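Descriptive analysis of the structure
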Amino acid sequence: MNDQDLLRYSRQIMLPQIGIEGQQVLLDSTMLLIGVGGLGSPSAMYLASAGVGHLIIADFDKVELSNLQRQIVHHTKDIGQFKVDSAKRKILAINPNIKVTTIKALNQDNLGDWVAKADVVLDGSDNFDTRFKVNQSCVGEKTPLVSAAVIRFEGQLSVFKGYELNQPCYQCLYSKEGNNDENCVENGILAPVAGIMGSLQALQAIKIVLNLGSQLTGRLMMIDAMDLTFRDIKISKDESCTICN
Ligand SMILES: [Zn+2]
């Protein structure tokens, strides 16, 4: 780290739990973000500003007018552009010293390779099909998964390390049968709810690479933004889960 880096990250370095060593760990880390929408927007910006050295951002979609209400990394002039290109520009404007890799086509063939490059995966996708595939790759590559979902006034967050003994994976919580996608296209969402949950994803991802505090493994945190209540429940490993057993 040079003098500019020490100044840029000074408010983190002065935290005794982080220090110069912890900041260097962040600078040396790689995180994969699945989606740069409502969740991926705030998490990408915070991870960039905090100095995560390499962000790999994946999204096939282009920016639409109806995205701008909550997908805060994208601006009005970005409408029609690929979300990963729009996000990369903003991320590098915040912090030009990090590396950003963009992926427009994440599929069954390359997903495992990208997950293997990451120290942590943040899933900010909006459908069960993607979440199941990302979970399977994370279990296979032994990569921690920070999973979040938002809808209406509600948010959920958990960290999955299904490759560890007695730790559940995402599919221990949600079976492939009987779960229909509920997304904000049909159900709506209040903008800051996405901001809260994306920020919490970034927080947990940083704590995982720094091995700090409570990691939220084996627990599902649920937020009701209307009552502003946070509660969490224990999640158990499903002994019949075909992914993590
Ligand atoms: Zn499982």
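Residues numbered from 1 in each chain as written. Predicted model: local features only at pLDDT ≥ 70, side-chain atom pairs only at ≥ 80, totals over all residues. Heavy atoms only, no water.

Some thoughts on unusual backbone geometry
Even without being glycine, Lys142 reaches a positive phi, approximately 55°. With respect to the helices, strands and loops of the structure, Lys142 is situated in the loop between helix 7 (128–141) and strand 5 (145–151). Judged by relative accessible area, which is 58%, Lys142 ranks as exposed. Phi angles above zero are rare outside glycine, and Asn211 is one such case at about 55°. (Helix = DSSP H or I, 4+ residues; strand = E, 2+ residues; numbered from the N terminus. Buried < 20%, exposed > 50% of the residue type's maximum accessible area, 1.4 Å probe, protein only.)

A short note on the side chain of His54
As for its position among the elements, His54 is in strand 2 (residues 54–58). Looking at His54, its side chain comes within polar contact range of the side chain of Thr101, at 2.6 Å. Setting aside chain neighbours within four positions, we find His54 in contact with Ser29, Thr30, Met31, Lys99, Val100 and Thr101. (Polar contact = N/O pair within 3.5 Å; in protein donor to acceptor, adjacent residues only side chain to side chain. Contact = heavy atoms within 4.5 Å.)

Some remarks on the coordination of the zinc ion
Bound to the zinc ion on the protein side are Cys169 (SG), Cys172 (SG), Cys241 (SG) and Cys244 (SG), at distances that span 2.3 Å. Around the zinc ion sit four donor atoms; with metal-centred angles ranging over 96 to 121°, the donor geometry is tetrahedral. Here the donor residues of the zinc ion are spaced in sequence according to C-x2-C-x68-C-x2-C. Here Cys169, found in the loop between strand 6 (154–160) and helix 8 (170–173), pairs with Cys244, found in the segment after strand 8 (229–234); they are 75 residues apart in sequence, far enough to count as distant. (Donors = N, O, S within 2.8 Å, 3.2 Å for Na, K, Ca; no water. Tetrahedral: all angles 85-135°; square planar, octahedral: opposite > 155°, others 65-115°.)

Notes on a nonpolar patch on the surface
On the surface, a nonpolar cluster with roughly 230 Å² of combined accessible area is contributed by Met1, Leu6 and Ile20. Take Ile20: it is sitting in helix 3 (residues 19–27). (Patch = residues over 30% accessible without salt bridge, like charges linked within 9 Å, V, L, I, M, F, W, Y side chains within 5 Å. Areas by Shrake-Rupley, 256 points an atom, 1.4 Å probe, with all protein chains shown as cover. Salt bridge = Lys/Arg side-chain N within 4 Å of Asp/Glu carboxyl O.)

What about the sheet that holds strand 2?
Spatially, the eight strands line up as an open sheet ordered 3-2-1-4-5-6-7-8, and their pairing is mixed. With partners counted over all chains shown, the strands left at the sheet margins are strand 3 (99–103) and strand 8, one partner each. Direction aside, neighbouring strands of the sheet carry axes that sit 15° apart on average. Where strand 7 (residues 219–224) and strand 8 come together, six bridges link them in antiparallel fashion. Considered in strand 8, the bridge of Ile223 is made with Phe230. Those strands touched by helix 4 (residues 40–50) are strand 1 (30–34), strand 2 and strand 4 (120–123), and its axis lies near 165° from that of strand 1. (Pairing = 2+ DSSP bridges. Axes fitted to C-alpha atoms, helices over the stretch in contact; angles between N-to-C directions.)

Looking at the nonpolar core
The biggest cluster of nonpolar side chains holds 42 residues, and the ones touching the most others in it are Met31, Leu47, Leu55 and Ile91. Once you skip the residues sitting within four places of it in the chain, Leu47 turns out to touch Met31, Leu33, Val52, Leu55, Leu122, Ala202 and Ile206. Counting 21 residues, the second largest nonpolar core, distinct from the first, contains Leu111, Ala118, Val134 and Phe160. (Core = buried A, V, L, I, M, F, W, Y, C linked by side-chain atoms within 4.5 Å.)

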